[in-house]
Amino acid sequence: QVQLVESGGGLVQAGGSLRLSCAASGRTFARYTMGWFRQAPGKEREYVAGITWTSGSTYYADSVKGRFTISRDGAKNTVYLQMNSLKPEDTAVYYCATGDGSIWNRNGYDYWGQGTQVTVSS
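As the structure is a prediction and not an experimental result, all values here were calculated from the model.

Time to look at the pairing of strand E9 (residues 92-99). For E9, the buried fraction is high: 7 of the 8 residues fall into the buried class. Alignment of strand E4 (residues 33-39) against E9, held across 7 bridges, turns out to be antiparallel. Bridge pairing links tryptophan 36 to cysteine 96 in E9. Alignment of E9 against strand E11 (residues 116-121), held across 3 bridges, turns out to be antiparallel. Across the sheet, the residue bridging to alanine 92 is valine 118, located in E11.

Note on pairing: side chains with opposite charge can pair once their charged atoms come close. The final tally for this structure, using the stated rule, is 5 salt bridges. Arginine 38 is the salt-bridge partner of aspartate 90, the closest N and O atoms lying 2.9 Å from each other. On the criterion of sequence distance, the pair formed by aspartate 90 in the loop between strand E8 (78-83) and E9 and arginine 38 in strand E4 is long-range, its members being 52 residues apart. By relative accessible area, arginine 38 is classed as buried at 5%. The residue arginine 67 makes a salt bridge to aspartate 90 at a minimum N-O spacing of 2.7 Å. Of this pair, arginine 67 sits in the loop between strand E6 (58-60) and strand E7 (68-73) while aspartate 90 sits in the loop between E8 and E9, placing them 23 residues apart in sequence. One exposure class covers both arginine 67 and aspartate 90, and it is buried. A network of salt bridges, in which partner residues are shared, links Arg38, Glu46, Arg67 and Asp90.

So, how was this worked out
- Residues numbered from 1 in each chain as written.
- Predicted model: local features only at pLDDT ≥ 70, side-chain atom pairs only at ≥ 80, totals over all residues.
- Heavy atoms only, no water.
- Buried < 20%, exposed > 50% of the residue type's maximum accessible area, 1.4 Å probe, protein only.
- Helix = DSSP H or I, 4+ residues; strand = E, 2+ residues; numbered from the N terminus.
- Pairing = 2+ DSSP bridges.
- Salt bridge = Lys/Arg side-chain N within 4 Å of Asp/Glu carboxyl O.

Note that all results are geometric; they support no functional claim without further evidence.
Listed below in structure tokens is the structure:
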């Protein structure tokens, strides 16, 4: 079965950096897109970034453009989210997901990881 396992979350000061990893298994990911979403307390889960596995095309939410970078390593079946210049408003649980629908919409993804907490202190 498809499994997505996130890691790399933690506590960081504003202006700092973190790199999240998502180890994926159980699917031929070349046919699918991979995305990162986040959910802060009391808020809906929102799109952060996505990548098409084969071409490596990337797509970002306006709130993270220029600060976050999504990438993938085909040999390791792993997707990364490099987060720089972190802000307190980036605090959330970050989820990795895979699917073959719209890269921008949570409904375009059919498998999700368990999430990893990112906390940015001011």
